[in-house]
Amino acid sequence: MNKKTNTTTLENFLRRATASVEGKKLTLDYIPKEGMVSHAITTDVEVRKLLVQLSEEATALAQVAQSLLDYTEETED
């Protein structure tokens, strides 16, 4: 693969990853933060597991993105 193909592939992947994260965030934003509904949702064991998984995935994605930014910053110097 050439550089342009690699760049396009990475751009497409990053766009899909960003859209996925944004979609999940929007979904979570619709959950009321106060009251019984929020309490019931977030105390459910399976929901809590999914929230933990989402948090871990978001953290891992942020770390990969930061590493890529750091690497490209170093190579531009």
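Cut-off values and rules
- Residues numbered from 1 in each chain as written.
- Predicted model: local features only at pLDDT ≥ 70, side-chain atom pairs only at ≥ 80, totals over all residues.
- Heavy atoms only, no water.
- Salt bridge = Lys/Arg side-chain N within 4 Å of Asp/Glu carboxyl O.
- Helix = DSSP H or I, 4+ residues; strand = E, 2+ residues; numbered from the N terminus.
- Buried < 20%, exposed > 50% of the residue type's maximum accessible area, 1.4 Å probe, protein only.
- Patch = residues over 30% accessible without salt bridge, like charges linked within 9 Å, V, L, I, M, F, W, Y side chains within 5 Å.
- Areas by Shrake-Rupley, 256 points an atom, 1.4 Å probe, with all protein chains shown as cover.

1. Quick notes on the pattern of salt bridges
Part 1 of the reasoning: With the rule as written, the count across this model stands at three salt bridges.
Part 2 of the reasoning: Residues Lys 24 and Glu 57 are paired through a salt bridge, measuring 3.8 Å at the closest nitrogen-oxygen approach. Of the two residues, Lys 24 is situated in helix 1 (residues 3-29) and Glu 57 in helix 3 (residues 45-76); the sequence distance between them amounts to 33 residues.
Part 3 of the reasoning: With relative accessibility at 36%, the residue Lys 24 sits in the partly exposed group.

2. A few points about a nonpolar patch on the surface
Part 1 of the reasoning: A cluster of nonpolar side chains, namely Leu 10, Phe 13, Leu 14, Leu 68 and Tyr 71, defines an oily patch on the protein surface of about 470 Å² accessible area.
Part 2 of the reasoning: Among the elements of the structure, helix 1 and helix 3 are those that each provide at least two residues to the nonpolar patch.
Part 3 of the reasoning: Sort the elements by how many residues they give to the nonpolar patch and helix 1 lands first, with three residues.
Part 4 of the reasoning: For Leu 14, a relative accessible area of 37% gives the class partly exposed.

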